[in-house]
Amino acid sequence: MTIDQDNSLSERDWTRFIKLLAEAFSAGQGEALLNLMLTADERQGYGTRLCIIEELLRSQLSQRQLKDQLGVGIATITRGSNGLKSAAPELREWLTEQLLHKKDEATDLSRE
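Now for a look at the structure at hand. Computed from a predicted model, the values in this text were never measured in an experiment.

**Observations concerning the pattern of salt bridges**
Side-chain pairing between opposite charges can occur once the charged atoms of the two side chains come close. Counted under the stated rule, the structure contains four salt bridges. Salt-bridge contacts for Arg16 lead to Asp13; the nearest nitrogen and oxygen are separated by 3.6 Å. Of this pair, Arg16 and Asp13 both sit in helix α1 (residues 3–26), three residues apart, which is roughly one turn of that helix. We classify Arg16 as exposed; its relative accessible area is 57%. Close ionic contact of Arg58 with Glu55 constitutes a salt bridge, the shortest N to O distance being 2.7 Å. Remark: Glu55 and Arg58 occur in helix α3 (residues 40–58); sequence separation between them is three residues, near one turn of the helix. Exposure remark for Glu55: the relative accessible area of 15% places this residue in the buried category. Beyond isolated ion pairs, a larger network of salt bridges with shared partners links Glu54, Glu55 and Arg58.

So this is what it looks like as structure tokens:
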């Protein structure tokens with residue numbers, strides 16, 4: 001198998017996984033599928049990545065402060081930052097809405 005064939009297979013498998021995941025969530029099996037497919041360390045890694053993206057969107061901490069707060073390496077923060085920079089503007093807007101604005105709304109409601 002050549003490298004191009006291997007990349008094509010990987011992309012096809014990733015697409016199959018995404019479709020299966022969407023179907024699993026539609027059927028109420030999303031969390032169960034992710035628990036099956038991901039190790040505890042991988043799940044924790046995704047949680048950490050989510051925190052990184054959220055804090056980078058919030059723009060209140062430097063990357064070094066974020067590294068210290070989360071207890072991860074600077075390379076992990078940099079990868080998150082680079083990923084966010086290369087994300088489509090529509091995705092960044094959606095993430096901001098999901099991670100920052102909805103959280104702010106929930107906090108405001110709990111104070112009432």
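**Some details on the packing of aromatic side chains**
The geometry of an aromatic ring pair comes down to the distance between the two centres and the angle between the two planes. The final tally for this structure, using the stated rule, is one aromatic pair. Relative to Phe17, the ring of Trp14 has its centre 5.7 Å away and its plane inclined at 35°; by these criteria the two rings are tilted. Taken as a pair, Trp14 and Phe17 lie in helix α1 at a separation of three residues, close to a single helical turn. On the accessibility criterion, Trp14 (51% relative accessible area) is exposed.

**Here's the deal with the nonpolar core**
Counting residues in each nonpolar core, the largest one holds 11 residues, listed as Ile52, Ile53, Leu56, Leu57, Leu66, Val72, Ile77, Leu84, Leu95, Leu99 and Leu100. At the level of secondary structure, the elements contributing two or more residues to this core comprise α3, α5 (74–86) and α6 (89–111). It is α3 that contributes the most residues to this core, four residues altogether. Excluding anything up to four places from it in sequence, Leu84 contacts Ile53, Leu56, Leu57, Arg92 and Leu95.

**Brief notes about the environment of Leu70**
One can find Leu70 in helix α4 (residues 63–70). Using a relative accessible area of 27% as the deciding quantity, one classes Leu70 as partly exposed. Once the C-alpha coordinates of Leu70 and Ile52 are considered, the two residues, 18 residues apart in sequence, prove to be 8.2 Å apart. Setting aside its immediate chain neighbours within four residues, Leu70 contacts Cys51 and Ile52.

Analysis parameters
- Residues numbered from 1 in each chain as written.
- Predicted model: local features only at pLDDT ≥ 70, side-chain atom pairs only at ≥ 80, totals over all residues.
- Heavy atoms only, no water.
- Salt bridge = Lys/Arg side-chain N within 4 Å of Asp/Glu carboxyl O.
- Helix = DSSP H or I, 4+ residues; strand = E, 2+ residues; numbered from the N terminus.
- Buried < 20%, exposed > 50% of the residue type's maximum accessible area, 1.4 Å probe, protein only.
- Phe/Tyr/Trp six-rings, centres within 6.5 Å; stacked < 30°, edge-to-face > 60°.
- Core = buried A, V, L, I, M, F, W, Y, C linked by side-chain atoms within 4.5 Å.
- Contact = heavy atoms within 4.5 Å.

Any link to function would need more than the numbers given here.
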